[in-house]
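Letter by letter, the chains look like this.
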Amino acid sequence: MSSTLFRTKKVEQSILDTEEPEHALKKSLSALDLTVFGVGVIIGTGIFVLTGTVAKNNAGPAVALAFVAAGVACALAALCYAEFASTVPVAGSAYTFSYASLGELPAWIIGWDLVLEFALGTAVVAVGWSGYVQSLLDNAGWHMPTVLGSREGAEGFGFDLLAAVLVLLLTVILVIGMKLSARVTQVVVAIKVTVVLVVIIAGAFLINSANYKPFVPKAQEVPAGDSLQAPLIQLMFGWAPSNFGVMGIFTAASVVFFAFIGFDVVATAAEETRNPQRDMPRGILGSLLICTTLYVLVSIVVTGMQHYSRLSESAPLADAFKATGHPWYAGFISFGAAVGLTTVCMILLLGQTRVFFAMSRDGLLPRFFSHVHPRFKTPHRPTILLGVLIAVLAGFTPLNELAALVNIGTLFAFVVVAIGVIVLRRTRPDLHRAFRTPWVPVIPILSVAASLWLMVNLPAETWVRFAIWMAVGFVVYFVYGRSHSRLGMHEETTVEDVVEGHPHHDRPHPRHGRSHPDQ
């Protein structure tokens, strides 16, 4: 039985599957598109809020160093993703990489994890976007009826109409085509980055160097907690992190790390990239470098404009501008945040549909969802299904308590991908790798260590919820996925299937499910 649970799918077979006409996605993305996708999904409200909040609570002006430390930790994972995405340029990201290196059950577990992560991420961001837009409408004198407003703190029946409409609109854009999605993203990201740059430049003229003293404030011990809300490491070992001081920088890094989450979504678009071997590493690493730079600059500006101890919790950057006599920037920042969250939402939804599509194409989920649209060449069925489900989810629930599940899911994917790089180097040294992670196995081991450290610093309650979702995933795999796996039934695509089914040939389309001669 264990041999079937850990059967791996050959890289060549994964690539061959992408060429089967009914299941082939259109290749239309460039390195610029991928970089823009990365910046689009990483830069959300965090750059306007998290920079100041973490400075006030954890690190003071040294928050800039915390962003650098978090960026380095992300770069370790990004190097592993870059190797896999250029070697196995197939939709599905960590799911596909795991199938090629660790086996079917680990691949299913990570795919199941990513489906939840991207769904919750999309819904949480849509709810956040709705809040910003309602705030802008309120400032303009337009008020949403309570029953159709945000569900955060609301009582009785209600539906967050704006959040649901955003998800449905983005679903339509994703169905119509990847290139349209890329163009929309380019426009929105250009606006978002412009807002960030204006804030940085304007704020630079309002910096008071006295606010940087002390740059690394004196350390403060944090009392250890004993409830499920406490970090897992506290419950296990009684260890409590300290705020401020040198250790406070690393405490802050573990908080701001989650502002970088999203670059891994770029890897889900590998199959739709014209030259993935060259462009995937550029898109993943390029977007991470740009975002780290912007985060560091904004954190330097916000702590220079106002002393870290006086920064506000809810809107530190906007309030810092108000404190220096420039209140109109607060509205400008809200506009930038609202615009920016649209791309975060769309790219998370894009990532989820591609993972779902890849799992369906392998037979682990119903094959009905693996057919692409005859005209748009997009996975329209899972996109529509998931778009509607997430719209309903975002409309009825505030979701804030579940947001931490997004973080643990992403870190789990980082661990699996890093291990997968080491395994595939040993099992398939013959593979052509357009991009090679340097210093293997050192870099992947460091990536695993950094990810596990951040995971044990998450609340124990998050671990419990994550374990429940994983348990449900095991049941679904053994009830459905294991018995319907194309790899298990020897029903993989052959070269003849691809050639016979190609639109340039007059032969009839192949019968799906022909046995692979090599299996």
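Look up: the structure comes first, before these words.
Residues numbered from 1 in each chain as written. Predicted model: local features only at pLDDT ≥ 70, side-chain atom pairs only at ≥ 80, totals over all residues. Heavy atoms only, no water.

### Quick look at the overall build of the chain
Part 1: Helices and strands together make up the secondary structure of the chain, namely 19 helices and 2 strands.
Part 2: For 519 residues, the compact-globule estimate of 2.2 N^0.38 gives 24 Å, and the C-alpha radius of gyration of the chain, at 23 Å, lies within 12% of that figure.
Part 3: C-alpha extents for the chain along the principal axes are approximately 75 × 50 × 45 Å.
Part 4: Taking all 519 residues of the chain together, the buried fraction comes to 58%.
Part 5: A total accessible area of about 20500 Å² is found for the chain, and carbon and sulfur atoms account for 67% of it. (Helix = DSSP H or I, 4+ residues; strand = E, 2+ residues; numbered from the N terminus. Rg over C-alpha atoms; globule rule 2.2 N^0.38 Å. Buried < 20%, exposed > 50% of the residue type's maximum accessible area, 1.4 Å probe, protein only. Areas by Shrake-Rupley, 256 points an atom, 1.4 Å probe, with all protein chains shown as cover.)

### A word on the pattern of salt bridges
Part 1: Applying the stated rule across the entire model yields 13 salt bridges.
Part 2: Salt-bridge contacts for Lys9 lead to Asp362; the nearest nitrogen and oxygen are separated by 2.3 Å. With Lys9 in the loop between helix H1 (2-5) and helix H2 (11-17) and Asp362 in the loop between helix H14 (328-361) and helix H15 (380-396), the pair connects residues that are 353 residues apart, well separated along the chain. Each of the two residues, Lys9 as well as Asp362, counts as buried.
Part 3: Across the pair Glu83 and Arg433 runs a salt bridge whose closest N-O atoms are separated by 3.1 Å. (Salt bridge = Lys/Arg side-chain N within 4 Å of Asp/Glu carboxyl O.)

### Section: the nonpolar core
Most often, soluble globular proteins keep nonpolar side chains buried together rather than apart.
Part 1: Core analysis: the biggest nonpolar cluster contains 148 residues, and Tyr81, Tyr95, Phe257, Phe263, Ile284 and Tyr295 have the highest contact counts within it.
Part 2: If you tally residues by element for this core, the top one is helix H7 (residues 104-139), at 18 residues.
Part 3: Setting aside its immediate chain neighbours within four residues, Tyr95 contacts Ala107, Trp108, Ile110, Gly111, Leu114, Val355, Ala358, Met359, Asp362 and Leu364.
Part 4: Membership of the second largest hydrophobic core comes to 5 residues, among which are Leu76, Leu79, Ala82 and Phe435. (Core = buried A, V, L, I, M, F, W, Y, C linked by side-chain atoms within 4.5 Å. Contact = heavy atoms within 4.5 Å.)

### Considering empty space enclosed by the protein
Part 1: Evaluated as defined, the whole model comprises 1 cavity of 30 Å³ or more.
Part 2: Computed from the structure, the largest cavity encloses a volume of approximately 50 Å³.
Part 3: Considering the residues around the largest cavity, the lining is formed by Lys9, Ser14, Asp17, Val90, Thr96, Tyr99, Ala358, Arg361 and Asp362.
Part 4: Considered class by class, the residues forming the lining of the largest cavity number 3 nonpolar, 2 polar and 4 charged. (1 Å grid on protein atoms, 1.4 Å probe; cavity = no way out; pocket = protein on both sides within 12 Å on 5 of 7 lines; lining within 4 Å. Points joined across faces, edges and corners; volume = space filled by probe spheres on them. Nonpolar A, V, L, I, M, F, W, Y, C, P; charged D, E, K, R; others polar.)

### Some words on helix H4 (residues 46-59)
Part 1: Between its first and last C-alpha atoms H4 spans 16 Å; for 14 residues at 1.5 Å apiece the expected length is 20 Å, and the helix comes up short by more than 12%.
Part 2: Buried residues dominate H4, accounting for 10 of its 14 residues.
Part 3: Turning to H4, its buried residues are Gly46, Ile47, Phe48, Thr51, Gly52, Thr53, Val54, Ala55, Asn58 and Ala59. (Expected span 1.5 Å × (residues − 1).)

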